[in-house]
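In case you want the letters, here they are:
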Amino acid sequence: MRRGPWALLLVAAAAAVAAAAGADESAEAAAAVVVDAGHGGADFGARGVDGTLEKDLTLAVARKLAAELSARNVRVVLTRDGDEFVPLATRTEIANKARARMYVSIHANSAPEPEVFGTETYFLSVDASDAEAMRVALTENDVYQQEGTASDSRDVVGTILGDLIRTEHLRESSDLAATLQRGLAKLPGESRGVKQAPFVVLTGVNMPAALVEIGFVTNAAEVKRLGRRDVQTALAKALAAALIEAMGQTREMPASRDEP
Ligand SMILES: [Zn+2]
């Protein structure tokens, strides 16, 4: 559905990342997991019914997740560690330079219907699972259009789109998303499952990657819960355990898997 314009945007994002790839060959496997706190700075993300901003929730959970992983001797790189604006292409560039094993982007959801609540996890696909998944991706991609970088690099459309379609990490990303969502499903609340959609922030990431929606800021009860430290810690612990489980599953994979 609606493949045309979004395929082009994803291609532009992938091209930007591809251009930056390989710039830092000396960066040895410096990080095992890249944790991306969605939005930041002037990009608030979704605004909750009580005024809570998505960018603050994502940073709080990302920081706690980094602490949980560090405590378990997993090396972590945060794409941002403060209230700052980071372009989507820069986030994937940070991940690729870190040569991490996995990439997880943390977000909070919004919906026109205030009664909707629960967690869901996404992996990248040009086509969305359904109309609702497409709406979430369009909302999360909104900042990319504001960055004004979407119309560059169209001359490499064919090449990059081909790379995108035969992405090496599709299966691993799907498995990662499933493992993360199984972890979230153990928490109080509702699991809305694993979905796929064209998220710019997952495009061009050269490792298994998933985007987690920790709950809906448009649901009054859920946004109140998400603001609680104990709830944020529980989310972080569940995600950390799932990431470690997912890394165990891929540990035996040969390093040459990333090569063309
Ligand atoms: Zn978001």
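Owing to the predicted nature of the structure, the values given are computational and were not obtained by experimental measurement. Residue numbers here run from 1 along each chain, matching the order of that chain's written sequence. Where totals are concerned, whole chains, interfaces and linings use all residues; where local detail is concerned, this predicted model gives features only for residues with pLDDT of at least 70, and gives and counts side-chain atom pairs only at 80 or more.

A. Expanded view of the sheet that holds strand 4 (residues 119–124). Strand pairing follows a simple DSSP-based rule, namely that at least 2 bridges must link the two strands. Secondary structure counts use DSSP, requiring at least four H or I residues in a row for a helix and at least two E residues in a row for a strand, with both numbered from the N terminus. Pairing in this open sheet of six strands is mixed, and the strands run 2-1-3-6-4-5 from one edge to the other. Pairing within the sheet leaves two strands with one partner each, and these edge strands are strand 2 (76–78) and strand 5 (191–197). Taken over all neighbouring pairs, the strand axes of this sheet differ in orientation by 20° on average, direction set aside. Bridge analysis of strand 1 (residues 33–37) against strand 2 gives three bridges, and the strand direction is parallel. Within the sheet, the bridge partner assigned to Val 35 lies in strand 2 and is Leu 78. Running at roughly 145° to strand 3 (residues 102–109), helix 2 (residues 54–71) makes contact with strand 1, strand 2, strand 3 and strand 6 (209–216) of the sheet. What counts as a contact here is a pair of residues whose C-beta atoms, placed from the backbone, lie within 7 Å. Only the stretch in contact is used when a helix axis is fitted, and all axes are lines through C-alpha atoms; the angle between N-to-C directions ranges over 0 to 180 degrees. Running over the sheet, helix 3 (residues 88–98) touches strand 1, strand 2 and strand 3 and is turned about 165° from strand 1.

B. Representation of the nonpolar core. Only buried Ala, Val, Leu, Ile, Met, Phe, Trp, Tyr and Cys residues enter a nonpolar core, and they are joined through C-beta atoms within 7 Å. Buried residues are those with 20 or more other C-beta atoms within 10 Å of their own C-beta, exposed residues have 12 or fewer, and partly exposed residues lie in between; C-beta atoms are placed from the backbone. Among the nonpolar cores identified, the biggest contains 64 residues, and Val 104, Ala 210 and Leu 239 are the most heavily contacted of them. Excluding residues that lie within four positions of it along the chain, Val 104 makes contacts with Val 33, Val 35, Asp 36, Leu 180, Ala 210, Val 212, Leu 239 and Leu 243.

C. Unusual backbone geometry, seen in detail. In this structure, His 39 takes a positive phi of about 65° despite not being glycine. Residue placement: His 39 occurs in the loop between strand 1 and helix 2.

D. Quick peek at the confidence of the model for the chain. Known as pLDDT, the predictor's per-residue confidence is scaled from 0 to 100. Mean pLDDT over the chain: 83, with 76% of residues reaching 70 or higher. Low confidence marks residues 150–160, where pLDDT is under 50. Its contacts with residues over four positions away, or in another chain, come to 18 contacts. Predicted confidence for residues 252–260 stays below pLDDT 50, and this span has three contacts to residues more than four positions away or in other chains.

E. Highlighting the pairing of strand 4. By the criterion of burial, strand 4 is predominantly enclosed, with six of the six residues buried. Residues of strand 4 alternate between two faces, with Thr 119, Thr 121 and Phe 123 on one and Glu 120, Tyr 122 and Leu 124 on the opposite face, all of them buried. Where strand 4 and strand 5 come together, five bridges link them in parallel fashion. Note that in strand 5 the partner of Thr 119 across the bridge is Ser 191.

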